[in-house]
Amino acid sequence: MPELPEVQTTIDGITPFLLDEKILRCNVSVKKLRWDIQKNICKDLVNLKIRDVSRRAKYIIISGEKFFLTIHLGMTGTLRIANKQDKVRKHDHFEILLGSGNKLRFNDPRKFGMIFLSKDSPLETNRLFLKLGVEPLNKEFNSKFLYEKTRNRSIPIKTLLMNASIIAGVGNIYASESLFLAGIRPQKVSNKLTKRNCEDLAISIKKVLRKAIKKGGSTINDYINANGKTGYFQYDFKVYGRTSLPCHNCQSDILQVKISQRSSFYCKNCQK
């Protein structure tokens, strides 16, 4: 599933092609992704001008005067910019034609993504957004915040990091990598973290996410960015997906454990 860095990389890629462009028409080739696509979505988008592209957690919000088009990439979704010569690909389910002649295409083989249009900002009215926690790259997310959130929770710290109602957007890959960088085992009970642990972890999460964004995200199976290229942060993985391979720091085998039904990876020597 595309996580925060992949979503931000997608936004960074499409934004220059979308800002101040008028939507000439759109096309929907499937009626249902995770939810039904609104019947009048294309009619309601025509002749509107795009003013902003933003992100909240793993949601992409394309907006202008009186409209907000919200997109979630789901498990396998991608957005890309196509020119006049680019052919429609298998699993291209939604398309917007811009005044420039370029097209924004949404591709999703497993159809777990979401697309919905609203006149009001989803940040203020949509139930999916109202329960989202703090953004990990914002200043509100820091060691003090993390320490306070861990005090009354006797759950694995990995589980807490992936709870979107607490921290929005830290998925499985980046939680594993951040915990390794901070030297904390993923199964460590949250309320056992010290203030120093929380400081190290908050810094590590920001560092890992920023580095992943800089490297275009991670391509594990079929993620591509807006230009049709793969990310390459996966080549920097220290623990994720490296079961039984030697730790880059101490050479002991990387271990794998199930936490909250998700695979987690760690080094028993480097993480305590």
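Provided above is the structure to which this section pertains.
Taken as a whole, this structure holds nine salt bridges when the rule is applied. A salt bridge links Asp92 to Arg80; its shortest N-O distance comes to 2.7 Å. Here Asp92 is found in strand S6 (residues 92–98), whereas its partner Arg80 is found in strand S5 (residues 78–82), with twelve residues between them in sequence. Accessibility classification places Asp92 together with Arg80 in one group, the buried group. Taking the shortest distance from any N to any O, the salt bridge between Glu95 and Arg105 comes out at 2.6 Å. On the criterion of sequence distance, the pair formed by Glu95 in strand S6 and Arg105 in strand S7 (residues 103–107) is long-range, its members being ten residues apart. The two residues Glu95 and Arg105 agree in class, both being buried. Ionic contacts of the salt-bridge type, sharing partners, join the residues Arg55, Arg56 and Glu135 into one network.

The buried count for S7 comes to five of five residues, which makes it a mostly enclosed element. Burial of the side chains of S7 extends over both faces: Lys103, Arg105 and Asn107 are buried on one face and Leu104 and Phe106 on the other. Examined bridge by bridge, S5 and S7 share five bridges and lie antiparallel to one another. Each bridged residue has a counterpart across the sheet, and for Arg80 the counterpart in S7 is Arg105. Bridging between S6 and S7 involves five bridges; their strand directions are antiparallel. Bridge pairing in S7 places Glu95 opposite Arg105.

Attention now goes to the packing of helix H7 (residues 172–182) against helix H8 (residues 195–214). Axis separation between H7 and H8 bottoms out at 8 Å; the angle between their running directions is 130°. The angle between H7 and H8 places the two elements in the oblique class. For H7 against H8, the interelement crossing comes out right-handed. On the side of H7, the interface is formed by Tyr174, Glu177, Ser178, Leu179, Leu181 and Ala182, while H8 contributes Asp200, Leu201, Ser204, Ile205, Lys207, Val208, Leu209 and Ala212. Taken together, the residues of the contact of H7 with H8 sort by class into nine nonpolar, two polar and three charged.

Across a sheet, paired strands are connected by hydrogen bonds in the backbone, their directions being either parallel or antiparallel. Strand order in the open sheet formed by four strands is S2-S3-S4-S8, and the pairing between neighbours is antiparallel. Of all the strands in the sheet, the pair left with one neighbour each is strand S2 (50–56) and strand S8 (114–118). Here the strands of the sheet are splayed against their neighbours by 15° on average, with no regard to which way each runs. Relative to S8, strand S4 (residues 67–72) runs antiparallel, the two sharing five bridges. Looking at the pairing, Leu69 lines up with Leu117 of S8. Together, S2 and strand S3 (59–64) form the strand contacts of helix H1 (residues 4–18), whose direction differs from that of S2 by roughly 175°.

Looking now at H7. A large share of H7 lies buried, amounting to ten of its eleven residues. Looking only at H7, the buried set comprises Asn172, Ile173, Tyr174, Ala175, Ser176, Glu177, Ser178, Leu179, Phe180 and Ala182. In the core, the buried residues of H7 are packed alongside H1, helix H6 (157–161), H8 and strand S10 (262–266). At the exit of H7 stands Gly183, carrying a positive phi of roughly 75°.

Moving on, we come to the side chain of Glu6. Assignment of secondary structure puts Glu6 in helix H1. The charged side chain of Glu6 is buried without a salt bridge, its nearest counter-charge being Lys58 at 7.6 Å. There is a polar contact of 2.5 Å between the side chain of Glu6 and the side chain of Tyr174.

Analysis parameters
Residues numbered from 1 in each chain as written. Predicted model: local features only at pLDDT ≥ 70, side-chain atom pairs only at ≥ 80, totals over all residues. Heavy atoms only, no water. Salt bridge = Lys/Arg side-chain N within 4 Å of Asp/Glu carboxyl O. Helix = DSSP H or I, 4+ residues; strand = E, 2+ residues; numbered from the N terminus. Buried < 20%, exposed > 50% of the residue type's maximum accessible area, 1.4 Å probe, protein only. Pairing = 2+ DSSP bridges. Axes fitted to C-alpha atoms, helices over the stretch in contact; angles between N-to-C directions. Parallel < 35°, antiparallel > 145°, perpendicular 65-115°, else oblique. Left-handed = near helix turned anticlockwise from the far one by under 90°. Contact = heavy atoms within 4.5 Å. Nonpolar A, V, L, I, M, F, W, Y, C, P; charged D, E, K, R; others polar. Lys, Arg positive; Asp, Glu negative; His and termini not counted. Polar contact = N/O pair within 3.5 Å; in protein donor to acceptor, adjacent residues only side chain to side chain.

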